[in-house]
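Take a look at the letters that make up each chain.
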Amino acid sequence: IADKEIYLQNEANTVAYLGYTAIAVSAYALYNDRRKKEPNALPFLVTFLLSLWLSLGPYLSIGSVNTEIPGIYLLYEHLPIISNVLKPEKFGLLSSLMLAVLFSYGIKDLQNTKGLENKSKYYLIGFILLLAFAEYMPAVANPAKSGAYSSIPIAYYELGKVPGKSTILMLSAT
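Residue numbers here run from 1 along each chain, matching the order of that chain's written sequence. The predicted origin of the model limits local features to residues at a pLDDT of at least 70 and limits the giving and counting of side-chain atom pairs to 80 or more, whereas totals for whole chains, interfaces and linings rest on all residues. Remark: hydrogens and water are excluded; side-chain values derive from all non-hydrogen atoms of the structure.

Draft legend 1. Local environment of the packing of aromatic side chains. To pair, rings of Phe, Tyr and Trp, with the six-membered ring standing in for Trp, must have centres within 6.5 Å; the planes then decide the type, stacked if under 30 degrees apart, edge-to-face if over 60, and tilted in the middle. Applying the stated rule across the entire model yields one aromatic pair. Between Phe44 and Tyr105, the ring centres sit 5.8 Å apart and the planes meet at 55 degrees, which makes this aromatic pair tilted. With Phe44 in helix α4 (residues 42–55) and Tyr105 in helix α6 (residues 88–111), the pair connects residues that are 61 residues apart, well separated along the chain. The rule is simple: take the accessible area with a 1.4 Å probe, protein chains only, and divide by the maximum for that residue type; under 20% is buried, over 50% is exposed, in between is partly exposed. Residue class for Phe44 comes out partly exposed when judged on its relative accessible area of 25%. Taking relative accessible area as the criterion, Tyr105 reaches 18% and is therefore assigned buried. A run of H or I in DSSP counts as a helix once it spans at least four residues, and a run of E counts as a strand once it spans at least two, with each numbered from the N terminus.

Set out below in structure tokens:
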């Protein structure tokens, strides 16, 4: 990355929020999956871990401190053709997607749990879903206050270097 300092100062490039509930239910799914004859979750786990590692960017930051520890994104950055496809913050989206798949496996495993009556299962699943929703709610209700989207993405710094006048068209997905 050409402007390492700009990249590291920009919180939007170095922060990802996965959620404790999603991680806990995904861990439950992985625990149950390894006991099955035909495990299904392993490809999603590998993709999650790899994309999470790539989403950390070229240098590991802990809190707001740059450790100067190089990440595997530096290797990815030197691969021809595909290195221009995804930037670190986009790998965060892929890791969130893989975590959501693992979370759904955990919910399915809870549904199929033996020893609990159906009513109890659905109360437990409802409680977990409510907990997950409550955990993500501050970012949905007030993104500026929660820290979500509070920084300018690195793409705007790059666009600012382009000479001449230009206009940026943003289309909201929500």
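Now that the structure has been shown, we can carry on.
Draft legend 2. Quick peek at the nonpolar core. Throughout, nonpolar core names a set of buried Ala, Val, Leu, Ile, Met, Phe, Trp, Tyr and Cys residues whose side chains join them through atoms within 4.5 Å. Val25, Phe48, Leu99, Phe103, Ile107, Leu110 and Ile128 are the most contacted members of the largest nonpolar core, which totals 16 residues. Within the residue set of this core, elements represented by two or more residues are α3 (20–33), α6 and α7 (118–141). Top element by residues in this core is α6. It accounts for seven residues. By size, the runner-up hydrophobic cluster in this structure holds five residues, among which are Leu54, Ile72, Tyr73 and Phe91.

Draft legend 3. Geometry of the pattern of salt bridges. When a carboxyl oxygen of Asp or Glu lies within 4 Å of a side-chain nitrogen of Lys or Arg, that pair is called a salt bridge. Under the defined criterion, the tally for this structure stands at one salt bridge. Notably, a salt bridge pairs Asp109 with Lys36, separated by 3.2 Å at the nearest N-O pair. With Asp109 in helix α6 and Lys36 in the loop between α3 and α4, this residue pair connects regions lying 73 residues apart in the sequence. The buried category is assigned to Asp109, whose relative accessible area is 9%. A residue is classified by how much of its surface remains accessible, and Lys36, at 31% relative accessible area, is partly exposed.

Draft legend 4. Representation of the packing of α4 against α6 in the model. α6 packs onto α4 with a crossing angle of 155 degrees between their chain directions and a minimal axis gap of 8 Å. It follows from the interaxial angle that α4 and α6 lie roughly antiparallel. Crossing handedness for the pair α4 and α6: left-handed. On α6, the residues that touch Phe44, Leu45, Thr47, Phe48, Ser51, Leu52, Leu54 and Ser55 of α4 are Pro88, Phe91, Gly92, Leu94, Ser95, Met98, Leu99, Val101, Leu102 and Tyr105. Where helices are involved, their axes are fitted lines through C-alpha atoms of the stretch in contact, as for all axes, and angles between N-to-C directions lie from 0 to 180°. An angle below 35 degrees is treated as roughly parallel, one above 145 as roughly antiparallel, one from 65 to 115 as roughly perpendicular, and anything else as oblique. Note on convention: near helix rotated counterclockwise from far helix by under a right angle means a left-handed crossing. Clockwise means right-handed. Whether two residues are in contact is decided by their heavy atoms, any of which lying within 4.5 Å being enough.

Fair warning: the whole summary comes from geometry, so function is off the table for now.
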